[in-house]
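What the coordinates show
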Amino acid sequence: MGTELPLFPVPASTMAGRVDALYLFLILVSVFFGVLIATLVVSFAIRFRRRSPDERPRPIHGSTVLELTWTLIPLGIVMVIFLWGAEVFFAMARVPPASMDIYVVGKRWMWKTQHMTGQREINELHVPVGVPVKLTLTSEDVIHSFFVPAFRMKKDVVPGRYVTTWFQATRTGTYHLFCAEYCGTKHSGMIGTVTVMEPAAFQTWLAGGATGTSLAAAGERLFQDLACITCHRADSEGRGPKLEGVFGHPVTLASGERVTADEAYIRESIVNPAARIVAGFQPVMPTYQGLVSEESLMQLVAYIQSLGGPATAGPGAALASPAPAIASPAAAPRSRGQGR
Amino acid sequence: MTTQIGPGESGPPRPPVPPAPAEAPPPRVNYLNVAYGVKSWLLTTDHKRIALLYLAGVTLMFFLGGAFAVLIRLELVTPAGDLVQSETYNKLFTMHGIIMVFFFLIPSIPAVLGNFLIPLMIGARDLAFPRLNLASWYIYMIGAAFTIFVLVSGGVDTGWTFYTPYSTTYSNTHVVAAGLGVFITGFSSILTGLNFIVTIHRMRAPGLTWFRLPLFVWAHYATSLIMVLGTPVIAITLLTVVLERTLHLGIYDPRLGGDPVLFQHLFWFYSHPAVYIMILPAMGVVSEVVACFSRKRIFGYEVVAMSSLAIAVIGFLVWGHHMFISGQSTYAGLVFSFLSFLVAIPSAIKVFNWTSTLYKGSVSYDTPMLYAIGFVGLFTIGGLTGLFLAALGLDVHVTDTYFVVAHFHYIMVGGAIMGYLGGIHFWWPKITGRLYPEMWARVAAVIVFAGFNLTFFPQFILGYLGMPRRYHAYPEEFQVLNVMSSAGASILGLGYLLPMIYLVWSMRYGPRASANPWQAKGLEWQTASPPITENFERQPVVSEEAYAYAPEEEARVV
């Protein structure tokens, strides 16, 4: 227990400063209005205290000018706050195009993270400093919420769908990871750490934790084990659509609608294939709901992502590419999530 | 029974009645002593007696809910989850929330003070549907009995928000019974609201036009609209939870083809307006109290009245601000954020108008006024921190943390309960015919104010530092602030126990109250304390504006 009382969590992401600035502005507005009201109430209460029991002050009915003043000025101020808040929020929602991909599954009561290179962690996440990281999150069971106070980042992790968020760490160190949406008995135990490392150290860590199987490779194996390959053949002769070069591209559906084949669409097409059938195909695929865990689904998605699509390679992908062979496993930091 | 009124009483400084309008001695028979025995209470259709039945019910539930709060704060004194097990802790905060929200805050002011005062304030004999009124109390008690059954049979651990799919699929506790308890008690709320709306429309005394109504009545009119329009939505929502849990209908659980976020939309569609069910009546109380203890018409009466309606209407359109990070669309978040800032404006207007009412008034510091001033202070902090949560980018960080916990306690406890206590003290002489001990009451009001701030202010800091809500155990660096909060809670608890003791004491030993001990305006003060069963000897006729503390010709507009 520290002796000093901090008022802010450590700012460790590009968003932290922006959120803190808005917070400080709101504190200023609140202090101003709080002090104003308190001063007026107290000074009126003292100055106009009852001096004789049969005092009958003259009534004041109101004033349109004053009413308009204290309607319009607060309205103006809250509109500034609204626009400022919205601006920060949209920046949080816009994932930079060249981000490093990490997949996260929430499950009562642990966080499982998977790197594209195949490293898997539990209740831990290692990331490099200065690189935008895109998280694709889902839940195996109930709603969780991925909260890293140091990054001023929080996202509800909803079962049955993918949500995405991103951050770019600015400061190395180890930070709290909390589940912020009540999820049952051990909710307060669903915590972990995010470790932000220098890029070089991160490379070493990646190498040390390498399983030899990237996420996509694990997905490819599943693709064969689950016999997906019998219908989704590379030669366009299968009963299902060919998956090469699909990821990230628009797809025309049987309904005539066009959707982008992103992570969420791929996932939905596996667990609920009949929902959005590609034009020219029959709804013959059985559902894989309950047969494939969310982690495996993410591996399959990563495999299909690797089969093609323009937006897969970026600095993050480059960073996550097989590390130099010189890195020795002994140099690897903790990676107790290995192989689970 | 003696009917002594006159000097020599302790209690609030009672100025001699200026023109001494020969106050008739109170009638020998009043609503309290007109009949005795359990049956005369349980079968009564007198709105005043039903109000007292509700008072007993909500007081019981308040102390029950408070007991859970005590255990929660005790557990959080240390970072480790060492006092109770996680399962128990989760049940504690769930029961605390369910009981306080649905069985105390929502019925407290409307069903107790509103029930008692609305007919008196508008010069009516009773509410429009007296038997429906009694039925609403029985429904409330059945709902409360369900909840107490849940409690003794092991509790429920979903949080008062019943979020799916945890509540429908994963929780192993008594979700169905708890949901039914809330479902049932909702009907008592609907019936009360319906009764108020009809009563206010149809039963006003001759001359009592809409813009002569006390602001307390306006506030309850707005509240009743929310009760009637909103409560059916929570009812049907909880019913669908029960159906998915028992029959596995796929509504919310994605494994059954449902959408978990849909539940949040439906839940908050009621539960955000429900906050206004709690706060609007408290605002009504504050308007009455501020007018009386500054002996002045509320500044901008019409604006304050209309702001209640504005809050009720806009309040229905802001539910999505609970869900900025829930996975709803970014643009939906934008709209809900905008509307949430709009709903802040009528609340701000009220605060400014109350403040201005004090200007050139004749301000006295009796207990109800202390609570009203406390309300203005705490509600201002609660409202301003609401702006933090309505700001999209900032909400991402502070939502689901102790910042939110602090914010809504400032509104619900700092606002609604301060208003409730202020109102109970203000109308206590009318309700019981007795005066409470003023000095004790002032001490208690100050203790409540200080204890409240010490309990909840540290939680704002805790929230910004990142401590999530509903955490049984927490990292060590949060301990100092948690200990402060728990220390404050023990002071707050004392502040709540004191009125319980001296108010009960005053029912027997307090000095007798005159018809109008505060020299207040309003029809309820023109009948005896306590009133007769019929409320008024003769049908009152209203010929002046509300809060006509001074002769009307002196009125001026600045």
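Everything numeric here is computed off the predicted structure, so don't read it as measured data.

Quick notes on the overall build of chain B
A tally of helices and strands in chain B yields 15 helices and zero strands. Expressed along its principal axes, the backbone C-alpha trace of chain B runs to roughly 75 × 50 × 45 Å. By residue count, 63% of the 558 residues in chain B fall in the buried class. Relative to all contacts within chain B whose residues are 6 or more apart in sequence, the contacts with residues 24 or more apart total 85%.

As for the domain arrangement of chain A
When the parts of a complex come together, some accessible area is lost, and that lost area is often taken as the interface size. All names here are of chain A. Split into domains, chain A comes out as domain 1 (9-32 + 66-87), domain 2 (100-212 + 324-331) and domain 3 (215-310). Taking only C-alpha atoms into account, the centre of domain 2 sits 25 Å from that of domain 3. Between domain 2 and domain 3, the contact holds 11 residues from the first and 10 residues from the second. For the side of domain 2 that touches domain 3, the secondary-structure elements that each account for two or more residues are β1 (100-107), β2 (110-115) and β5 (132-139). Considered class by class, the residues forming the side of domain 2 that touches domain 3 number four nonpolar, four polar and three charged.

A short note on the packing of helix α7 (residues 215-247) of chain B against helix α9 (residues 301-314) of chain B
All names here are of chain B. Remark: α7 packs on α9, axes separated minimally by 8 Å, with the N-to-C direction vectors making an angle of 15°. Judged by the inter-axis angle, α7 sits roughly parallel to α9. Every pair of crossing elements has a handedness; the one defined by α7 and α9 is right-handed. Note on element contacts: α9 touches α7 through Y301, V304, A305, S308, L309, I311 and A312, opposite L215, W218, A219, A222, L225 and I226. Looking at the contact of α7 with α9 residue by residue, the classes come out as 12 nonpolar, one polar and no charged.

Describing the interface of chain A and chain B
Contact with chain A, which involves 79 residues of that partner, is made by 86 residues of chain B. For the side of chain A that touches chain B, the secondary-structure elements that each account for two or more residues are α1 (14-47), α2 (64-93), β6 (144-148), β7 (153-157) and β9 (173-179) of chain A. No other element matches the 17 residues that α2 of chain A contributes to the side of chain A that touches chain B. For the side of chain A that touches chain B, a count of residues per class yields 48 nonpolar, 16 polar and 15 charged.

The rules behind these values
- Residues numbered from 1 in each chain as written.
- Chains lettered and ligands numbered in written order.
- Predicted model: local features only at pLDDT ≥ 70, side-chain atom pairs only at ≥ 80, totals over all residues.
- Helix = DSSP H or I, 4+ residues; strand = E, 2+ residues; numbered from the N terminus.
- Buried ≥ 20, exposed ≤ 12 C-beta atoms within 10 Å, placed from the backbone.
- Contact = placed C-beta atoms within 7 Å.
- Domains from an automatic or database assignment.
- Nonpolar A, V, L, I, M, F, W, Y, C, P; charged D, E, K, R; others polar.
- Axes fitted to C-alpha atoms, helices over the stretch in contact; angles between N-to-C directions.
- Parallel < 35°, antiparallel > 145°, perpendicular 65-115°, else oblique.
- Left-handed = near helix turned anticlockwise from the far one by under 90°.

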